[in-house]
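Reading the structure
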Amino acid sequence: MSDLQDLYQEVILDHNRRPRNFRAIEGGRRAGGYNPLCGDKLTVYLRLDGDRITEAAFQGSGCAISKASASLMTDAVKGKTLAEADALFERFHHMVTAAPDAPVDELGKLSVLAGVRQFPVRVKCATLAWHTLRAAAEAREAIVSTE
Ligand code: ZN
């Protein structure tokens, strides 16, 4: 198990160092998110074709978990409809809030964040990007807080 945990750690650190889709999208939808418990601040950008996400990106600063989660999320939701992205968020949320010894749902690369369930205070770091995505989809300009 510790080898697996090392691997997960490696993926998270890689996405933190070299976040994917780390840029602004002009002319799309966007929303800001803030996690006061940790100080994570993100802006999520979306471009939609009908209800399908054709581009997703983010900018901001925060801890490794929040940045890696945003990086993985923007990759994961590209090409999905808003309803599919929302369903994925439900599954992701379930995964990171499950009991530490519960089986990990198969969520592709997003599964690397399953370890967060052992650190409840980190759940908000891992879900901030997803809450902000939801706000961007609804094109709300308000700042989202996890509190
Ligand atoms: Zn954080």
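Structural data are supplied above this passage.
Considering the coordination of the zinc ion
- Protein coordination at the zinc ion: the donors are C38 (SG), D40 (OD), D40 (OD), C63 (SG) and C125 (SG), at 2.2 to 2.7 Å from the metal.
- Along the chain, the residues donating to the zinc ion fall in the pattern C-x1-D-x22-C-x61-C. Of this pair, D40 sits in strand 2 (residues 40-49) while C63 sits in the loop between strand 3 (52-61) and helix 2 (64-77), and the two are 23 residues apart along the sequence. The same class applies to D40 and to C63, which are both buried.

Examining helix 3 (residues 82-97)
- An ideal rise of 1.5 Å per residue puts 22 Å on 16 residues; helix 3 measures up with 22 Å between its terminal C-alpha atoms.
- Within the span of helix 3, buried status applies to A85, L88, F89, F92, M95 and V96. What you see down the axis of helix 3 is that its buried residues fit within an arc of 125 degrees, all on one side.
- In this structure, the buried residues of helix 3 make contact with strand 3, helix 2 and helix 4 (123-137).

Brief notes about the packing of helix 2 against helix 4
- Their axes nearest at 7 Å, the elements helix 2 and helix 4 cross at an angle of 40 degrees. Our classification of the angle between helix 2 and helix 4 gives oblique. The handedness of the crossing between helix 2 and helix 4 comes out as right-handed. Of the residues in helix 4, those touching helix 2 at I65, S66, S69, A70, M73 and V77 are C125, A126, A129, W130 and L133.

So, how was this worked out
Residues numbered from 1 in each chain as written. Predicted model: local features only at pLDDT ≥ 70, side-chain atom pairs only at ≥ 80, totals over all residues. Heavy atoms only, no water. Donors = N, O, S within 2.8 Å, 3.2 Å for Na, K, Ca; no water. Helix = DSSP H or I, 4+ residues; strand = E, 2+ residues; numbered from the N terminus. Buried < 20%, exposed > 50% of the residue type's maximum accessible area, 1.4 Å probe, protein only. Expected span 1.5 Å × (residues − 1). Arc of directions from axis to C-beta. Contact = heavy atoms within 4.5 Å. Axes fitted to C-alpha atoms, helices over the stretch in contact; angles between N-to-C directions. Parallel < 35°, antiparallel > 145°, perpendicular 65-115°, else oblique. Left-handed = near helix turned anticlockwise from the far one by under 90°.

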